Amino acid sequence: MSLIDSYNRKISYLRLSVTDRCDLRCLYCMKEKMNFLPKKDLLSFEEISRLCDNFIDLGVNKIRLTGGEPLVRKNIIDLIQLLGSKIDNSSLKELTITTNGTLLSKYAEKIKKSGINRINISLDTLNKKKYKEITRFGLLDKVLEGIKIAKKNDLEIKINTVALKNFNDDEFEKILLWCNKNKLDLTFIEVMPMNETDSHRYLQFIPLDNLYENLNKKFNFFKIDKNTGGPSKYYKSEKLDINIGFITPLTNNFCANCNRVRITSTGRLYLCLGQNEYVDFRDILRNDFTDSYIKEKILFALNIKPKEHNFIIEKNVKPYMQRFMNVTGG
Ligand code: SAM
Ligand code: SF4
């Protein structure tokens, strides 16, 4: 079975935000004061699992847990085990997670034992003071310790670094070399205008083509065909052991190859990170609807998946998106 949208894109990847809450408040992701969703509105693990089963039946073979910070959701390991068990019992091929890493020391071993092999960790600086500044109160050492424990447990790690003007633009090469030394793949990401935070997006935004050109002078990248069906273009270098990715939603639109949809923690299926179309599954899951009805709704939703996002970052343009990134999870 395949999920094909009206632009003939095959959808095989579901990103699942399990909470909008987080133990950090990254300046480009959230405002300092946020209103989080009432816990009673969150899908239960059983509801999430049933929804996932229907997506898997229809052709989804990869699920990523995200948030907010997925590891702050109470009893998250129970959900990881529940979804991880589907890898052997259905056509699900991979379960993975994107985390800020602060709770990895506690959870890495259980994550690995539950069937997750690869994780993404977000890290925008290697400087303790700057880490605290960008996350508003995070401790870099906690994340570095988490990475160490995750590596000990044989989790493959990719670091995600959002490129931020006048913040980490002096650190890109340092982060790259640190990742190389520690055998961690690395992806740079352009900041996206997801709602208004406390700082203007145009003050944060760096186009990644500049960053690529600068690093390329030193490392002579060559493109590799690492087809994750995702937005990232991957490169290697004779001088490096790791893969380097660039995600460029603003400067190089990749929507024609989009393979993903997103569920929020309350059960809204968003068809595009940068658009507003959604179908709400919470009431459907909480009332007496059959799995066939759920599948019908998923297929309906695919028909309204937008062609592309319209991200614009300019001085006097307010973000079109009124959702923060933590709702759908990056
Ligand atoms: N809390 C987890 C984490 O930070 O990895 C998962 C959720 S977070 C929203 C997922 C990813 O989105 C992170 O890599 C984060 O850096 C990125 N992100 C958040 N806001 C963003 C924005 N406005 N533009 C680009 N990336 C953003
Ligand atoms: Fe939390 Fe991740 Fe958003 Fe940072 S990027 S505030 S860690 S959800």
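In the block above lies the structure referred to throughout.
The text that follows walks through the structure, step by step, so that each part is easy to find. Here the structure is a predicted model, which means the values were calculated and not measured.

**Considering the overall build of the protein chain**
Next, step 1: Along the backbone of the protein chain there are 12 helices and 14 strands.
Next, step 2: With the C-alpha coordinates of the protein chain rotated into their principal frame, the extents come out at 60 × 45 × 40 Å.
Next, step 3: Going through the 330 residues of the protein chain one by one, you find that 56% of them count as buried.
Next, step 4: The long-range fraction of contacts in the protein chain, counting pairs at least 24 apart against all pairs at least 6 apart in sequence, stands at 73%.
Next, step 5: Only carbon and sulfur atoms are counted for the fraction: they give 47% of the accessible area of the protein chain, which is about 15,300 Å².
Next, step 6: Charged side chains in the protein chain number 55 positive and 41 negative. The centres of these two groups are separated by 2 Å.

**Here's the deal with the site of ligand 2**
Next, step 1: Residues in contact with ligand 2, as listed here, are Cys 22, Leu 24, Arg 25, Cys 26, Cys 29, Met 30, Gly 68 and Asn 100.
Next, step 2: For the shell around ligand 2, the per-class residue count stands at 5 nonpolar, 2 polar and 1 charged.

**Quick look at the site of ligand 1**
Next, step 1: Taken together, 18 residues lie around ligand 1, and Tyr 28, Gly 68, Glu 69, Ser 122 and Met 192 are the ones closest in.
Next, step 2: Here a nitrogen atom of ligand 1 sits 3.1 Å away from a polar atom, N or O, in the side chain of Glu 69.
Next, step 3: Backbone polar atom of Met 192 to a nitrogen atom of ligand 1: 2.7 Å apart, as the coordinates give it.
Next, step 4: Here ligand 1, which alone exposes 540 Å², has 95% of that area covered by the protein.
Next, step 5: Listing elements by their share of the shell around ligand 1, those giving two or more residues are β5 (94-99) and β7 (156-163).

**A closer look at the side chain of Arg 136**
Next, step 1: Residue placement: Arg 136 occurs in the loop between α5 (128-135) and α6 (140-152).
Next, step 2: Here the side chain of Arg 136 touches Asp 198 through a polar contact of 2.7 Å, side chain to side chain.
Next, step 3: Leave out the neighbours within four places in its chain, and Arg 136 touches Arg 25, Cys 26, Leu 27, Met 30, Lys 31, Glu 32 and Asp 198.

The rules behind the values
- Residues numbered from 1 in each chain as written.
- Chains lettered and ligands numbered in written order.
- Predicted model: local features only at pLDDT ≥ 70, side-chain atom pairs only at ≥ 80, totals over all residues.
- Heavy atoms only, no water.
- Helix = DSSP H or I, 4+ residues; strand = E, 2+ residues; numbered from the N terminus.
- Buried < 20%, exposed > 50% of the residue type's maximum accessible area, 1.4 Å probe, protein only.
- Contact = heavy atoms within 4.5 Å.
- Areas by Shrake-Rupley, 256 points an atom, 1.4 Å probe, with all protein chains shown as cover.
- Lys, Arg positive; Asp, Glu negative; His and termini not counted.
- Charge placed at Lys NZ, Arg CZ, Asp CG, Glu CD.
- Near = heavy atom within 4 Å.
- Nonpolar A, V, L, I, M, F, W, Y, C, P; charged D, E, K, R; others polar.
- Polar contact = N/O pair within 3.5 Å; in protein donor to acceptor, adjacent residues only side chain to side chain.

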